[in-house]
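# Architecture at a glance
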Amino acid sequence: MDRLQVMQRLILEESTRARLFKFIADPPTTSLQRLKGLTTGSLPTFIDVGNSFGAPAIVEDNIISQLANNGKRMKMMGDDTWLALFPSQFHQAFPFPSFNVKDLHTVDNGVLEHLFPALHEDDWDVLIGHFLGVDHAGHIFGVESLQMVEKLDQYNKVVEDVISTLQNESACGRLHDDTLLLVMGDHGQTLNGDHGGGTAEEVETALLAWTTREQTHPLPDQCEPSSANNVGFRSSQEEQNKPIICDFQQLDFAVTLAAILGVPFPFGSIGKVNPELFGLVTGSLQPSKDTALNSSEVDCSAAEWLKLYSSILCLNCWQVNRYLQQYSKSSLNGFSISDLDILKNLYDDARSFSNEQSTTASSARVTMSSLLDAVSRYTKYLDAAAALARFKWTRFNDEFMAFGIAVLFVSLLIQLKAVRIFSVIPPMPVKIEDSYIFPLKEMIKSGYNFAVLSAGIFVLVYVFSGGSITVSAGQFVMILTGGIVIGTSKTYLFRRNLQTSKKIYKIIMRNVWREDLHSNFVGILAIIFSCIHACSLLSNSFILREQQVVTFFLVSLGIMDLRTALQQNSKVLQATWFLILNFILRILSEATLSKDMVLQSGDIKPGRPVSPYTSLLQQLSFSLLTVYAPLILVGYAFMTKLSRSYFPTRHLKAIQHLLPVTYAAICLYWLVEDLENLQLKAVPESIRLFVRLQIPRGIYLCILLQIVLILLDLKRTVTKSEVGLKRIFEDASLALLGVLNAVVLLLLGRQGPLVAVISGLEAWCLLEKQSMYAPACESQRDDKAQIDYSSATVQWNLFSIQLFFCTGHRFSFDGLRYAAAFVGFDHFNIYRQGILLGLDTFGASHLLPIIGLQLLVSRRHVLRRNASDRFYKIQFSQTLLMFQLLCTVAATFITVCVAIQRRHLMVWGLFAPKFVFDAIGLLVTDFLLVLEFLYTTSPTLY
């Protein structure tokens, strides 16, 4: 508002033509959901967030379809999402690609190119211009950035020019003698420029309505209480100079626009026709307190307008009532009979009262009083219907939720038993069949049998009940799935393999369910911390402070390791640096070396009390110390390790040459951007375009080639080489880490290298600390072969969560860094951009730590003398399962939390995003762990 001076001028100087509203959205506040809500008048569900990329066409009835079906010519220009949602409804469209958030001008310039010529044409009835510069500027640079200010100033000038053009054509009989201008935002923005949640900054935006018609009749102040609730009458001279700002629910926009344009309401709308906007267009406006409402002329005009508005609300109520009745009949989870009865009583009361008063009214005064009462009753019904819809449609299916939670807990039991089985398998060549460890065939057979049994039981119950017991298709699928889960879990949890020798069976079953925790106190403490962390997810306060919680647990375990190091006089330096690096990462996380710091380091702010040379020197020094030097250091570390590798591949030299080229290309990519941003040297447009698009694509191809070479040579090496598996997989993991780390750094941007150096040193300290437990490992008997990985795996899991926050991410949809999806590309492809966005979001916190698990096992495995490859595979499998168990425990508890807190005020802003991120993260983790398990342990564990 401060930068859009034209809005303030209009509502103060042309108060009979203009009105400003607080435009309030319903979460989620992603762009596609808001467009869907604005055009259908419904409440988009939370699952619609998944359609934010590659939006499908809207099949529900909507205002755009109604306008097209009733012969209204519509012209659209701007965001191409409109064309995806409404592919055939527009008379003429000028779409522009909208997903490249780094592009602030293409869409806006395209709109301006077609907007002003269209204002002088008469080939349209509705004109839509969707600007995106402010949204993209917020995502990339933040709300308080110079780019945001420049965009708002540009929009201020655009609105002024549009109004000037409309005024010049507003004379009677001219092109725009009856034109309504609506300037609005579909959502707000946080201070970081993001949106998607349900905070006040995200759901509140503005709507300016301005009409070319002069207003002649006032709107009775009694008919709309929202004005008095929000601002009230302007009684004093000081208040006369302040604009009246009223609330306008975005839910009400579709029906209000339909009423103004004279088309049917969308079938699924549950909104209410807004009286202030409707009155502004139909010739009425709320007066000041001093307006004489008792004059016969004003009274008669107000009564006539109230008749019109009352009839509109009558149709509005009939449409909402029809939709709710139809929805309850056809939906599996419709409204309850008691809820419908309450709404029906309100609806019948409004209709009967209105009919009675319309037939008995004898004077204008009585008619006006009765009409005001009718409007109040209609409004009460519509508000109750909207409130009921908001309440019911944010409730998930309780049966499915309980079933999902039960499946998660069953999976926890299965994973727990699997971890314990791998911890007691002897390293000696005792014959244990793989089918005992994972009886896949029997689990499939048992699951099938139980599914058939469940279906048979249901059919019998249905037949004997005479068809009175019915279930939906979803419930029937749940019955079948439940049978499969029961059958497979029963086979794994309680099966006894008769082919397994009696001795081995007793060894395993004696230890599977028994609490034989390792004597290491740090391991016990790590398990306790892991349980506390999972339980803390039941609290919104701890979810908000999860980063601090994770750091606290890491530091606590690090202090215990330091105590052990001092007692053994071993690895004291590594244990100390582990604590120091944790504090450094904590500081970096608070400072969030993200877009705000990049901006502060990359923009030359006007008016700084320093010379340009000093400012330039500071920025160059900052980039050198935090970007290029760490990046070179990371690349050099991987190259040094790879040159000493025992990983004997024929393509090793090719990988050794490609890896430094990859890191050098990243340096070149950022260097050209810095030369342009710092204005050190004018870079030709052709070179800039090549560097911006072709170099990242070349990096992607180079990385993909190196991954293929590593995996192919790893398979060949495992089958033919005499080198131990531990050494082979350790070197292969380092090579993969070096390659994948490059693409992750490219997507993370300039804050990535410094975080990579510090987190890499922390990971090295964590690995080096494992040698402190060498005496315990060497002293164990070979028939037990139990190495306690609990402390190391828990710390590695907490370290991966810490990386998520250190790289500038957070558990919210407005924290997704869409710019990373367009590194090297200008055009949107859902699969390509989805993969890049996933690598940016989950690369540092999931992909790299899971590959690094090989190093954790190798470091412990080297401590055992004469350990076989088979023993290494067993220990590695145990570690993978333990890491998976920790991730599943956290996901299970956040699922329980979401189920409990589904009515919480912060469900959209906190709990639901956290649940979605953890659920997707668990799927990514499971997929990567299964791939790693199959690749490293195939064809058999023995």
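None of these values were measured; they are calculated from a predicted model.

Procedures and definitions
Residues numbered from 1 in each chain as written. Predicted model: local features only at pLDDT ≥ 70, side-chain atom pairs only at ≥ 80, totals over all residues. Heavy atoms only, no water. pLDDT = per-residue confidence, 0-100. Contact = heavy atoms within 4.5 Å. Axes fitted to C-alpha atoms, helices over the stretch in contact; angles between N-to-C directions. Helix = DSSP H or I, 4+ residues; strand = E, 2+ residues; numbered from the N terminus. Parallel < 35°, antiparallel > 145°, perpendicular 65-115°, else oblique. Nonpolar A, V, L, I, M, F, W, Y, C, P; charged D, E, K, R; others polar. Buried < 20%, exposed > 50% of the residue type's maximum accessible area, 1.4 Å probe, protein only. Patch = residues over 30% accessible without salt bridge, like charges linked within 9 Å, V, L, I, M, F, W, Y side chains within 5 Å. Areas by Shrake-Rupley, 256 points an atom, 1.4 Å probe, with all protein chains shown as cover. Salt bridge = Lys/Arg side-chain N within 4 Å of Asp/Glu carboxyl O. Phe/Tyr/Trp six-rings, centres within 6.5 Å; stacked < 30°, edge-to-face > 60°. Lys NZ or Arg CZ within 6 Å of the ring centre and 35° of its normal. Pairing = 2+ DSSP bridges.

Once that is clear, we can look at the confidence of the model for the chain. For the chain, per-residue confidence averages 77 on the pLDDT scale, and residues scoring 70 or more make up 74% of the total. Across residues 49–54, confidence stays below pLDDT 50; counting only partners more than four residues off in sequence or on other chains, it has 17 contacts. Counting contacts from residues 427–431, a segment whose pLDDT is below 50, to residues more than four positions away or on other chains yields 10 contacts.

Let us now look at the packing of helix α30 (residues 752–768) against helix α32 (residues 790–806). The interhelical angle for the contact between α30 and α32, taken along N-to-C directions, is 175°, at an axis separation of 11 Å. In terms of orientation, α30 and α32 fall into the roughly antiparallel class. Listed contacts from α32 to Val 755, Ser 759, Glu 762, Ala 763, Leu 766 and Leu 767 of α30 are Ala 792, Gln 795, Trp 796, Phe 799, Gln 802, Leu 803 and Cys 806. Of the residues contributing to the contact of α30 with α32, the split by class is 9 nonpolar, 3 polar and 1 charged.

Moving on to unusual backbone geometry. Residues other than glycine predominantly adopt negative phi, and peptide bonds predominantly adopt the trans conformation. One non-glycine residue, Asn 569, lies in the positive phi region at around 55°. Here Asn 569 lies in the loop between α23 (546–568) and α24 (572–591). Taking relative accessible area as the criterion, Asn 569 reaches 68% and is therefore assigned exposed. Its identity as a non-glycine residue notwithstanding, Lys 571 has a phi of 60°, on the positive side. As for its placement among the helices and strands, Lys 571 is situated in the loop between α23 and α24. Residue classification places Lys 571 among the partly exposed residues on the basis of a relative accessible area of 22%.

On the surface, a nonpolar cluster with roughly 540 Å² of combined accessible area is contributed by Val 459, Leu 460, Tyr 462, Val 463 and Phe 464. As for its placement among the helices and strands, Val 463 is situated in helix α18 (residues 440–464). Judged by its relative accessible area of 54%, Val 463 is exposed.

Using the criterion set out here, one finds 22 aromatic pairs in the structure. Centroid distance Tyr 347 to Tyr 381: 5.4 Å. Interplanar angle 50°. Geometry classified as tilted. One end of the pair, Tyr 347, is in helix α14 (residues 337–360); the other, Tyr 381, is in helix α15 (residues 364–392), with 34 residues separating them in the sequence. Under the relative-accessibility criterion, Tyr 347 is labelled buried at 8%. Relative to Phe 917, the ring of Phe 811 has its centre 5.9 Å away and its plane inclined at 75°; by these criteria the two rings are edge-to-face. Here Phe 811 is found in the loop between α32 and α33 (830–861), whereas its partner Phe 917 is found in helix α35 (residues 907–937), with 106 residues between them in sequence. Connected via pairs of aromatic rings, a cluster forms that spans Phe 21, Phe 23, Phe 248 and Phe 253. Directly above the ring of Phe 578 sits Lys 769, whose terminal nitrogen or CZ lies 3.6 Å from the centroid. The ring centre of Phe 811 lies 3.7 Å from the NZ or CZ of Lys 914, which sits over that ring.

With respect to topology, 3 strands assemble into an open sheet ordered β3-β2-β4, the strand pairing being parallel. Each having just a single partner strand, β3 (92–96) and β4 (126–130) make up the two edges of the open sheet. With direction set aside, neighbouring strand axes in the sheet form an average angle of 0°. In the sheet, strand β2 (residues 74–79) pairs with β3 via 5 bridges, with the strands oriented parallel. The partner of Lys 75 across the bridge, within β3, is Gln 92.

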